[in-house]
Amino acid sequence: GDSVTQTEGQVALSEEDFLTIHCNYSASGYPALFWYVQYPGEGPQFLFRASRDKEKGSSRGFEATYDKGTTSFHLRKASVQESDSAVYYCALGDSNNRIFFGDGTQLVVKP
Amino acid sequence: GPKVLQIPSHQIIDMGQMVTLNCDPVSNHLYFYWYKQILGQQMEFLVNFYNGKVMEKSKLFKDQFSVERPDGSYFTLKIQPTALEDSAVYFCASSPWGGAYAEQFFGPGTRLTVL
């Protein structure tokens, strides 16, 4: 079945560091790929999506490029801030209106 | 931005009792969803709902589970009877349209504890 794998369970950075969170997916065809962000006490919030090979999604300085060849959708940000501390979920949407989430990556940014 | 509300935020009940989790979706959204997250585990799809009907459900959506949205009011998840393994955070979501690319808007979750 469709699935998403996030490599990092937790990432600890200092402000202005470069962020990479790795995401790989397993699915047939061209699923929609998403990044969601979750702050304490809240539900996941849509960050951005991509729907075809080589498409780049971006929002708030975060970006990821859909790569069908490597089945990846890695999240990157050039300079993180303390306010970026949250849990980040890579997710896959299928044609049956289901979202499959990765395990989530806890990002901690120290001032 | 648009908000999904969930009531209550916490619920503690005894095993075997019935529980109803309530979701107030974004106004004018047409598709509704429930997800389940056991502490420390992945968030998993339970069910989606459109035009008064369940469209897709996962194997986690046991026979004891039911959903409805009578007359445009709350979208509810009912569990009857509850079991210990139903303890989890349940997230409701809604979207204006369906399909793989639809952005889903999530509520803050209801933490259900079954004793």
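Located above this text is the structure these notes cover.
Quick caveat: nothing in here was measured; it's all calculated off a predicted structure.

Novice: Tell me what's going on with the overall build of chain A, and back it up with residues and numbers.
Specialist: When helices and strands are counted, chain A shows zero helices and 12 strands. Taking 2.2 N^0.38 as the reference for a compact globule, 111 residues should give roughly 13 Å; the C-alpha atoms of chain A span a radius of gyration of 13 Å, in line with that estimate. C-alpha extents for chain A along the principal axes are approximately 40 × 30 × 20 Å. Expressed as a percentage of the 111 residues in chain A, the buried residues total 47%. Looking at chain A as shown, the accessible area adds up to about 4,900 Å², and 44% of this sits on carbon and sulfur atoms. Distance from the positive charge centre (10 side chains) to the negative charge centre (14 side chains) of chain A: 6 Å.

Novice: With reference to specific residues and values, describe the interface of chain B and chain A.
Specialist: Across the contact, 21 residues belong to chain B and 24 residues belong to chain A. Between chain B and chain A, roughly 1,800 Å² of surface is buried when both sides are summed, and carbon and sulfur atoms account for 53% of that area. A per-residue breakdown of the area chain B buries against chain A is headed by Q42, M43 and Y101 of chain B, which together make up 31% of the total. Put simply, the parts of the chain that give the side of chain B that touches chain A at least two residues each are β4 (31–37), β5 (43–50) and β6 (53–57) of chain B. By residue number, the principal contributor to the side of chain B that touches chain A is β4 of chain B, which donates four residues. Across the side of chain B that touches chain A, the residue classes tally to 12 nonpolar, seven polar and two charged.

Novice: Please give an account of the state of the cysteines that cites residues and values.
Specialist: Residues and elements named next belong to chain B. Evaluation of the coordinates by the stated rule reveals two disulfides over all chains. Disulfide pairing places C23 opposite C92 at an S-S distance of 1.9 Å. Around the S-S axis, the bridge from C23 to C92 shows a dihedral of about -65° and counts as left-handed. Of this pair, C23 sits in strand β3 (residues 19–24) while C92 sits in strand β9 (residues 88–95), and the two are 69 residues apart along the sequence.

Novice: Break down the pairing of strand β6 (residues 45–50) of chain A for me, with residues and values.
Specialist: Residue and element names in this part refer to chain A. Two strands pair when backbone bridges link them, and strand β5 (residues 32–38) and β6 are joined in this way by five bridges, in the antiparallel orientation. What sits directly across from Y36, in β6, is F46. The antiparallel pairing of β5 with β6 creates a hairpin that spans six residues between the two strands, and G41 there sits at a positive phi of about 80°.

Novice: Please provide a residue-by-residue account of the nonpolar core, values included.
Specialist: Residues L19, W35, L47, F48, F73, L75 and Y88 of chain A are the most contacted members of the largest nonpolar core, which totals 26 residues. When contributions to this core are tallied by element, the ones reaching two or more residues are β2 (10–14), β3 (19–21), β4 (23–26), β5, β6, β8 (62–65), β10 (86–93) and β12 (105–110) of chain A. Among the elements that make up this core, the one with the highest residue count is β10 of chain A (four residues). F48 of chain A has contacts with L33, F34, W35, G57, S58, S59, F62, E63, A64, F73 and L75 of chain A, leaving out every residue within four places of it along the chain. One finds V26, L46, V47 and Y90 of chain B within the second-largest nonpolar core, a separate group that totals 23 residues.

Novice: Describe the pairing of β2 of chain A, naming the residues involved and giving the relevant values.
Specialist: Residues and elements named next belong to chain A. Burial along β2 is one-sided: V11 and L13 are buried, and none of Q10, A12 and S14, which face the opposite way, are. Pairing of β2 with β12, which is carried by five bridges, proceeds in the parallel orientation. Paired with V11 across the strands is L107, a residue of β12.

Novice: Could you give an account of a nonpolar patch on the surface, naming the residues involved and the relevant values?
Specialist: A grouping of L30, Y50 and M55 of chain B is seen on the molecular surface, where their side chains present a nonpolar patch of about 240 Å² in accessible area. Relative to the helices and strands, Y50 of chain B is located in strand β5.

Novice: Lay out the pattern of salt bridges in plain terms, naming residues and giving numbers.
Specialist: All names here are of chain A. This model, assessed by the stated rule, comprises seven salt bridges over all chains. Two residues, D53 and K54, come together in a salt bridge whose shortest N-O distance is 3.4 Å. A relative accessible area of 56% means that K54 is categorised as exposed. Through salt bridges with shared partners, a single network forms among D53, K54 and D67.

Scoring rules and cut-offs
- Residues numbered from 1 in each chain as written.
- Chains lettered and ligands numbered in written order.
- Predicted model: local features only at pLDDT ≥ 70, side-chain atom pairs only at ≥ 80, totals over all residues.
- Heavy atoms only, no water.
- Helix = DSSP H or I, 4+ residues; strand = E, 2+ residues; numbered from the N terminus.
- Rg over C-alpha atoms; globule rule 2.2 N^0.38 Å.
- Buried < 20%, exposed > 50% of the residue type's maximum accessible area, 1.4 Å probe, protein only.
- Areas by Shrake-Rupley, 256 points an atom, 1.4 Å probe, with all protein chains shown as cover.
- Lys, Arg positive; Asp, Glu negative; His and termini not counted.
- Charge placed at Lys NZ, Arg CZ, Asp CG, Glu CD.
- Contact = heavy atoms within 4.5 Å.
- Buried area = accessible area lost by both parts, 1.4 Å probe.
- Nonpolar A, V, L, I, M, F, W, Y, C, P; charged D, E, K, R; others polar.
- Disulfide = S-S within 2.5 Å.
- Pairing = 2+ DSSP bridges.
- Core = buried A, V, L, I, M, F, W, Y, C linked by side-chain atoms within 4.5 Å.
- Patch = residues over 30% accessible without salt bridge, like charges linked within 9 Å, V, L, I, M, F, W, Y side chains within 5 Å.
- Salt bridge = Lys/Arg side-chain N within 4 Å of Asp/Glu carboxyl O.

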